[in-house]
Amino acid sequence: MTDIDPTTAPTTAPTTASTTASTTAPKPRVLSCIQPTGDLHLGNYLGALRNWVNGQHSSDAFHGVVDLHALTVTDTPGQVGAATLRTAAMLFAIGLDPEVATVFAQSHVPEHNQLGWVMECTVSYGELSRMTQFKDKSARREQDFISGGLFTYPALQAADILLYDTNHVPVGEDQRQHIEITRDAAVRFNHRFGDTFVIPEAVTPKAGARVMSLQDPGSKMSKSDDSDAGCVYLVDDANAVMKKFKRAVTDSDTGADAVRFDRENKPGVSNLLEIHAAVTDRTPEAVADEYEQYGALKVATGEAVLAVLDPIRVRYAELMEDRGELARLLRVGAGRAREVAAATVERAYANIGMLPA
Ligand code: TYM
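Note that the structure is a prediction, hence the values are computed from the model and not measured.

*Asks:* Residues and numbers for the overall build of the protein chain, please.
*Replies:* Regarding its fold elements, the protein chain presents 13 helices and five strands. A globule of 357 residues ought to have a C-alpha radius of gyration of about 21 Å, and the protein chain, at 22 Å, matches this closely. Considering only intrachain contacts with a sequence separation of at least 6, the fraction spanning at least 24 residues in the protein chain is 77%. When the accessible surface of the protein chain is split by element, carbon and sulfur atoms take 51% of a total near 16800 Å². Distance from the positive charge centre (34 side chains) to the negative charge centre (47 side chains) of the protein chain: 1 Å.

*Asks:* Give a description of the pattern of salt bridges that names residues and reports values.
*Replies:* Any two side chains of opposite charge can pair if their charged atoms end up close together. Counted under the stated rule, the structure contains 17 salt bridges. Ionic pairing is found between Asp 39 and Arg 86, a salt bridge with its closest N-O pair at 3.8 Å. Of this pair, Asp 39 sits in the loop between β1 (29-34) and α1 (42-55) while Arg 86 sits in helix α3 (residues 79-93), placing them 47 residues apart in sequence. Given the relative accessible area of 32%, Asp 39 is considered partly exposed. Between Asp 251 and Lys 266 there is a salt bridge, with the nearest N and O atoms lying 3.0 Å from each other. Within this pair, whereas Asp 251 is found in the loop between α9 (238-246) and α10 (267-280), its partner Lys 266 is found in the loop between α9 and α10, the two being separated by 15 residues in sequence. Overall, Asp 251 belongs to the partly exposed group, its relative accessible area being 25%. The structure contains a network of salt bridges with shared partners spanning Asp 251, Asp 253 and Lys 266.

*Asks:* Can you lay out the nonpolar core for me, pointing to particular residues and giving the numbers?
*Replies:* Side chains of a nonpolar character, in soluble globular proteins, are inclined to be buried together. In this structure, Leu 49, Leu 91, Ile 94 and Phe 245 are the most contacted members of the largest nonpolar core, which totals 60 residues. Of all the secondary structure elements, the ones that give two or more residues to this core are α1, β2 (60-65), α3, α9, α10, α11 (284-288), α12 (294-320) and α13 (323-352). Viewed by domain, this core spans two of them, domain 1 (6-12 + 28-209 + 323-352) and domain 2 (228-320), each represented by three or more residues. Leave out the neighbours within four places in its chain, and Leu 49 touches Ile 34, Leu 40, Asn 44, Leu 91, Ile 94 and Leu 234. Membership of the second largest hydrophobic core comes to 35 residues, among which are Ala 159, Val 169, Ile 179 and Ala 334.

*Asks:* Pulling in residues and values, what's your account of the domain arrangement of the protein chain?
*Replies:* Accessible area lost on assembly of the parts is the figure often given for the size of an interface. One can read the domain layout of the protein chain as domain 1 (6-12 + 28-209 + 323-352) and domain 2 (228-320). Domain 1 and domain 2 are separated by 29 Å when their C-alpha centres are compared. Facing 21 residues of domain 1, the contacting portion of domain 2 comprises 17 residues. When residues of domain 1 are sorted by the area they lose upon contact with domain 2, Leu 42, Met 90 and Ala 93 head the list and together hold 30% of the total. Inspection of the domain 1/domain 2 interface yields zero salt bridges. Those elements that place two or more of their residues in the side of domain 1 that touches domain 2 are α1, α3 and α13. Here the side of domain 1 that touches domain 2 takes six residues from α3, the largest share from any one element.

*Asks:* Lay out the site of the ligand in plain terms, naming residues and giving numbers.
*Replies:* Around the ligand, a shell composed of 28 residues is seen, among which Tyr 153, Gln 157, Asp 160, Asp 174 and Val 211 lie nearest. Contact between the ligand and Gln 157: a nitrogen atom at 2.8 Å from a side-chain N or O atom of the residue. Between the ligand and Gln 175, the relevant distance is 3.1 Å, taken from a nitrogen atom to a side-chain nitrogen or oxygen of the residue. Here the ligand, which alone exposes 710 Å², has 97% of that area covered by the protein. Within the residue set of the shell around the ligand, elements represented by two or more residues are β1, α1 and α7 (148-162). Tallied by class, the residues present in the shell around the ligand amount to 12 nonpolar, 11 polar and five charged.

*Asks:* For α3, give the residues involved together with the corresponding values.
*Replies:* The end-to-end C-alpha separation of α3 is 21 Å, in line with the 21 Å expected for 15 residues at 1.5 Å each. The element α3 is largely enclosed, with a buried count of 11 among its 15 residues. Here α3 has its buried residues at Val 80, Ala 83, Thr 84, Leu 85, Thr 87, Ala 88, Ala 89, Met 90, Leu 91, Phe 92 and Ala 93. Positive phi appears at Gly 95, one or two residues downstream of α3, with a value of about 125 degrees.

*Asks:* Residue-level account of unusual backbone geometry, with values.
*Replies:* Keep in mind that most residues, glycine aside, have a negative phi and that most peptide bonds are trans. With phi around 50 degrees, Asp 165 is a residue other than glycine that occupies positive phi space. Assignment of secondary structure puts Asp 165 in the loop between α7 and β4 (168-170). Positive phi, normally seen in glycine, also occurs at Asp 281, with a value near 60 degrees. Judged by its relative accessible area of 70%, Asp 281 is exposed.

Rules of the game
- Residues numbered from 1 in each chain as written.
- Predicted model: local features only at pLDDT ≥ 70, side-chain atom pairs only at ≥ 80, totals over all residues.
- Heavy atoms only, no water.
- Helix = DSSP H or I, 4+ residues; strand = E, 2+ residues; numbered from the N terminus.
- Rg over C-alpha atoms; globule rule 2.2 N^0.38 Å.
- Contact = heavy atoms within 4.5 Å.
- Areas by Shrake-Rupley, 256 points an atom, 1.4 Å probe, with all protein chains shown as cover.
- Lys, Arg positive; Asp, Glu negative; His and termini not counted.
- Charge placed at Lys NZ, Arg CZ, Asp CG, Glu CD.
- Salt bridge = Lys/Arg side-chain N within 4 Å of Asp/Glu carboxyl O.
- Buried < 20%, exposed > 50% of the residue type's maximum accessible area, 1.4 Å probe, protein only.
- Core = buried A, V, L, I, M, F, W, Y, C linked by side-chain atoms within 4.5 Å.
- Domains from an automatic or database assignment.
- Buried area = accessible area lost by both parts, 1.4 Å probe.
- Near = heavy atom within 4 Å.
- Polar contact = N/O pair within 3.5 Å; in protein donor to acceptor, adjacent residues only side chain to side chain.
- Nonpolar A, V, L, I, M, F, W, Y, C, P; charged D, E, K, R; others polar.
- Expected span 1.5 Å × (residues − 1).

Okay, structure coming up:
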């Protein structure tokens, strides 16, 4: 039996880019994940995925398809695995390079479950109760089964992030609260058990951090939208995309300054301006200056979005033809992910002072 010496100094968190001042500083570690709970949409792309692709060369990037998270709302056999493969194919289709970024399925890396439990024991019931996503999602599932996992979900998300000594987490605005609870949990753990985790930071894009539904611009664009008309999926064909933009809800203002960026008073128009700005790399105000009519703005926004989505859709169809290759890429990703994740679990267990196996 191995002796445990409680006085042993804790194994410290690795020095990371954010704490190292040197000209040869390592690349920052980036991690972000997506749930395989439906087809990916424009909100996912503009809020998060696009940043993943743009950042893959300047960072050490890890991206997970978080199938364990999807279990919080899964009750039909056979769906999660298929959705995980489709989501992974889409991540490669948008431009994540498997040679550069580590792309993996969460359930292939069992360390997520291991650290997930540690994090459940590090966040408080009160903190979890304040999560607006839990409140929203459980309210929407009113008549349905609400799993305990839906409540403890942010603890697993904290584990996802902390496992990889993550510096930056590129996400949409809706995930900020989950990153905050992750930071709080990491600080608490480090305080209790010694320096173990790197404290991560959320990174959100200037335009597109919160893409709203085209039919209900007061709610975010979401896979769980009541109507498909408000949600532009990355796999939608050109006709569907144009139809959704042409039918986008705006307002009844007329006149020369009807097209202006004003999120509060003109949510529908502002959402179109922000989407347009995000796909053409401009500001919403600059886009507004070019249009006087809602009709023209809707068509131009649809076309600008299609210029981005058309090649993605083609590449996605090609990738889905070779599922064996997709599975292989995910195995390679899981292998790389486990190397980092296993070291973190080991460090966390050692610092807590768990009995070595
Ligand atoms: P998920 O799967 O709902 O969404 C994936 C990413 O898309 C962003 N997003 C949006 N951005 C702008 N406008 C929208 N309408 C919009 N809808 C979605 C999300 O902010 C997210 O970045 N809990 C997470 C998944 C997760 C995760 C993690 C993320 C699990 N572990 C660790 C980061 C790090 C979620 O449900 O995202």
